[in-house]
Amino acid sequence: MSFARIPIPFLTCRSLAWSTAKRTATTTPCEVRIVEVGPRDGLQNEPKLLPAATKIELINRLSGTGLKTIEATSFVSAKWVPQMGDNAEVLRGISKVRGISYPVLTPNIKGFESALAAGAEEVAVFGAASDAFSLKNVNATAAQAIERFRPVLKAAKENGVRVRGYVSTIVGCPYEGAIAPSAVVKVVEALYEMGCYEISLGDTIGVGTPGSMRRMLDEVTRAVPAKDLAVHCHDTYGQALSNILVSLDYGIRVVDASVSGLGGCPYARGASGNAATEDVVYMLHGMGLQTSVDLDKLIQVGRYICTELGRPSESKVNRAWKGPQ
Ligand SMILES: CC(C)(COP(=O)([O-])OP(=O)([O-])OC[C@H]1O[C@@H](n2cnc3c(N)ncnc32)[C@H](O)[C@@H]1OP(=O)([O-])[O-])[C@@H](O)C(=O)NCCC(=O)NCCSC(=O)C[C@@](C)(O)CC(=O)[O-]
């Protein structure tokens, strides 16, 4: 897809439908599903341990906004990520709403078994396109991490649990620098062939631009259909919304975002939060795309968690919001 054919400022629901018609026949061009990652990605980097009750309250409030997917926690080692040490308490404590999925991160079979025991119905495995990042994040190379996922996918299938896959460092790594699209394709293909129903492409440190996103998506969408891809854009360099816009142009209709832009990865030096969900929803609605999210309710949830954390929202829309127009 070239810039010349679809001028970005004129991307609307109608032009998106047209632009993606050849790329994928099965996307619903006017609907975008938001994967809210605030309770997991948003909080995992918080130095001060938050009470499980606050996390549960956050998830319950998010459940009232119309979101259909809310990543609840991660079943990783508490020695590595202390903030997620209350994973089972959080997953057991939330009021699950029918029609909403509450996936949790599981890096290995031990994490999967604990997640299953706590009632997980969807999990996510997380790989990376960079060995250096993977070693820092999960103490395994990219290929070794993939091997740890095989038993997770097998056990998930046996237990009727859906598995989402992440690929981190899709355009840049804090330790290796620029990442070649071919390295991303390799991991995306491995996760897809293993049985992940959706692959989320993570710009972990938010260094991507519409240029590097396009170069990466040109190759990745040749390997896996856009309907089975999501984007996960951190906003460190202020490019997240632009990068999401580019991914829509490729037919991607699933966008990860974090309420009030919370977040970062403890093992990705300098990474700031994700695209703020409020900002993403505002942009999508302004383009005539549907998300099922009530923006006003979401704004209130953003204000709740920012008050709990004692800091202003990273969402420009939240800061500017004076009520529905
Ligand atoms: C993967 C490990 C566990 C390997 O860590 P390891 O030390 O290599 O693991 P091990 O198998 O050698 O076991 C060492 C100890 O950890 C325990 N252990 C082993 N597995 C688990 C588990 N699942 N849950 C709880 N405990 C576990 C195990 O039982 C043992 O306990 P000990 O005998 O010492 O008491 C570790 O490196 C880890 O937990 N890493 C997590 C890193 C993380 O959570 N990073 C943030 C999420 S990724 C991210 O944010 C990026 C993303 C997804 O958002 C997308 C993007 O932005 O790009």
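As annotated in an unreviewed UniProt entry, the protein chain carries the name hydroxymethylglutaryl-CoA lyase and comes from Drosophila kikkawai. Recorded in UniProt under Sequence similarities (unreviewed entry), the annotation for the protein chain is "Belongs to the HMG-CoA lyase family." As its UniProt record puts it under Pathway (unreviewed entry), the protein chain is described as follows: "Metabolic intermediate metabolism; (S)-3-hydroxy-3-methylglutaryl-CoA degradation; acetoacetate from (S)-3-hydroxy-3-methylglutaryl-CoA: step 1/1."

*Asks:* Would you explain the overall build of the protein chain in this entry?
*Replies:* Scanning the protein chain from N- to C-terminus turns up 13 helices and eleven strands. Over its C-alpha trace the protein chain gives a radius of gyration of 18 Å, about what one expects of a compact globule, namely 20 Å for 325 residues. Counting all 325 residues of the protein chain, 58% fall into the buried class. Summing over all exposed atoms, the protein chain offers an accessible surface of approximately 13,200 Å²; the carbon and sulfur share of this is 53%. Of the side-chain charges in the protein chain, 35 are positive and 31 negative, and the distance between the mean point of each set is 2 Å.

*Asks:* What should I look at first to understand the side chain of Ser247 in this one?
*Replies:* Tracing the sequence through the fold places Ser247 in helix H10 (residues 240-249). Judged by relative accessible area, which is 0%, Ser247 ranks as buried. A polar side-chain atom of Ser247 sits 2.7 Å from the main-chain carbonyl oxygen of Ile244. In this structure Ser247 touches Leu217, Val231 and Ile252, once residues within four positions along its chain are discounted.

*Asks:* Would you mind going over the pairing of strand E6 (residues 162-168) with me for this structure?
*Replies:* Regular strands place their side chains on alternate faces of the sheet. The buried fraction of E6 amounts to six of the seven residues, a majority that puts the element mostly inside the structure. Pairing of E6 with strand E9 (residues 198-203), which is carried by four bridges, proceeds in the parallel orientation. What sits directly across from Tyr166, in E9, is Ser200.

*Asks:* Even after reading the chapter, I still don't get the nonpolar core, so can you show me in this structure?
*Replies:* Note on soluble globular proteins: their nonpolar side chains tend to be buried together. Counting 105 residues, the largest nonpolar core has Val167, Val184, Val188, Leu191, Leu201 and Met216 as the members making the most contacts within it. Not counting residues within four places of it along the chain, the set of residues in contact with Val188 comprises Val167, Ile199, Leu201, Val220, Val224 and Leu229.

*Asks:* Mind showing me how you'd approach H10 here?
*Replies:* One turn of an α-helix holds 3.6 residues; hence residues three or four places apart share an orientation. Counting buried residues in H10 gives eight out of ten residues, a clear majority hidden from the surface. Those residues of H10 that fall on the buried side of the exposure criterion are Ala240, Asn243, Ile244, Leu245, Val246, Ser247, Leu248 and Asp249. The positive-phi residue at the C-terminal boundary of H10 is Gly251, with phi of around 95°.

*Asks:* Please clarify how the pairing of E9 should be interpreted in this entry.
*Replies:* Most of E9 sits inside the fold, with six of its six residues counted as buried. Strand direction decides the pairing type here: E9 and strand E10 (residues 229-233), joined by five bridges, are parallel. Across the sheet, Leu201 pairs through a bridge with Val231, a residue of E10. Once the chain exits E9 it traverses helix H9 (residues 210-223) before rejoining the sheet at E10, and the crossover so formed is right-handed.

*Asks:* Quick question: what am I supposed to make of the environment of Ala271 here?
*Replies:* Tracing the sequence through the fold places Ala271 in the loop between strand E11 (254-257) and helix H11 (277-286). Residue classification places Ala271 among the buried positions, given a relative accessible area of 12%. In this structure the C-alpha to C-alpha distance between Ala271 and Ser101, which are 170 residues apart in sequence, comes to 27 Å. Residue contacts for Ala271: discarding those within four places in its chain leaves Thr204, Ile205, Thr236, Gly263, Gly264 and Cys265.

*Asks:* Looking at this structure, how should I read the site of the ligand?
*Replies:* Residues in close proximity to the ligand total 26 residues, the closest being Gln44, Asn137, Asn139, Ser168 and Thr204. A distance of 2.8 Å is found between a nitrogen atom of the ligand and a side-chain nitrogen or oxygen belonging to Asn137. Here an oxygen atom of the ligand sits 2.6 Å away from a polar atom, N or O, in the side chain of Thr204. Protein chains shield 74% of the accessible area of the ligand, which is 1,100 Å² for the free molecule. Here the residues of the shell around the ligand are counted per class, giving ten nonpolar, eleven polar and five charged.

*Asks:* Even after reading the chapter, I still don't get the environment of His285, so can you show me in this structure?
*Replies:* Note on placement: His285 falls in helix H11. Under the relative-accessibility criterion, His285 is labelled partly exposed at 32%. Separated by 254 residues in sequence, His285 and Glu31 place their C-alpha atoms 10.0 Å apart. Engagement of the side chain of His285 in a polar contact is seen with the side chain of Thr291, the distance being 2.6 Å.

*Asks:* Mind showing me how you'd approach unusual backbone geometry here?
*Replies:* What is expected of a backbone is that most residues other than glycine have negative phi and most peptide bonds are trans. Of note in this structure, Asn139 is not a glycine but carries a positive phi near 60°. Residue placement: Asn139 occurs in the loop between helix H6 (131-138) and helix H7 (142-158). Unlike most non-glycine residues, Ser292 shows phi in positive territory, near 75°. Along the polypeptide, Ser292 turns up in the loop between H11 and helix H12 (295-309).

*Asks:* Could you clarify how one ought to interpret the sheet that holds E10 in this entry?
*Replies:* Across a sheet, paired strands are connected by hydrogen bonds in the backbone, their directions being either parallel or antiparallel. The strand order E2-E1-E11-E10-E9-E6-E5-E4-E3 describes an open sheet built from nine strands, whose pairing is parallel. With one partner strand each, in any of the chains shown, strand E2 (69-70) and strand E3 (73-74) form the two edges of the open sheet. Relative to the sheet, helix H8 (residues 181-194) contacts strand E5 (122-128), E6, E9 and E10, its axis offset from that of E6 by approximately 170°.

Cut-offs applied
Residues numbered from 1 in each chain as written. Predicted model: local features only at pLDDT ≥ 70, side-chain atom pairs only at ≥ 80, totals over all residues. Heavy atoms only, no water. UniProt positions renumbered as here; feature names shortened; annotations may be inferred. Helix = DSSP H or I, 4+ residues; strand = E, 2+ residues; numbered from the N terminus. Rg over C-alpha atoms; globule rule 2.2 N^0.38 Å. Buried < 20%, exposed > 50% of the residue type's maximum accessible area, 1.4 Å probe, protein only. Areas by Shrake-Rupley, 256 points an atom, 1.4 Å probe, with all protein chains shown as cover. Lys, Arg positive; Asp, Glu negative; His and termini not counted. Charge placed at Lys NZ, Arg CZ, Asp CG, Glu CD. Polar contact = N/O pair within 3.5 Å; in protein donor to acceptor, adjacent residues only side chain to side chain. Contact = heavy atoms within 4.5 Å. Pairing = 2+ DSSP bridges. Core = buried A, V, L, I, M, F, W, Y, C linked by side-chain atoms within 4.5 Å. Right-handed = clockwise from strand over helix to strand, strands pointing away. Near = heavy atom within 4 Å. Nonpolar A, V, L, I, M, F, W, Y, C, P; charged D, E, K, R; others polar. Axes fitted to C-alpha atoms, helices over the stretch in contact; angles between N-to-C directions.

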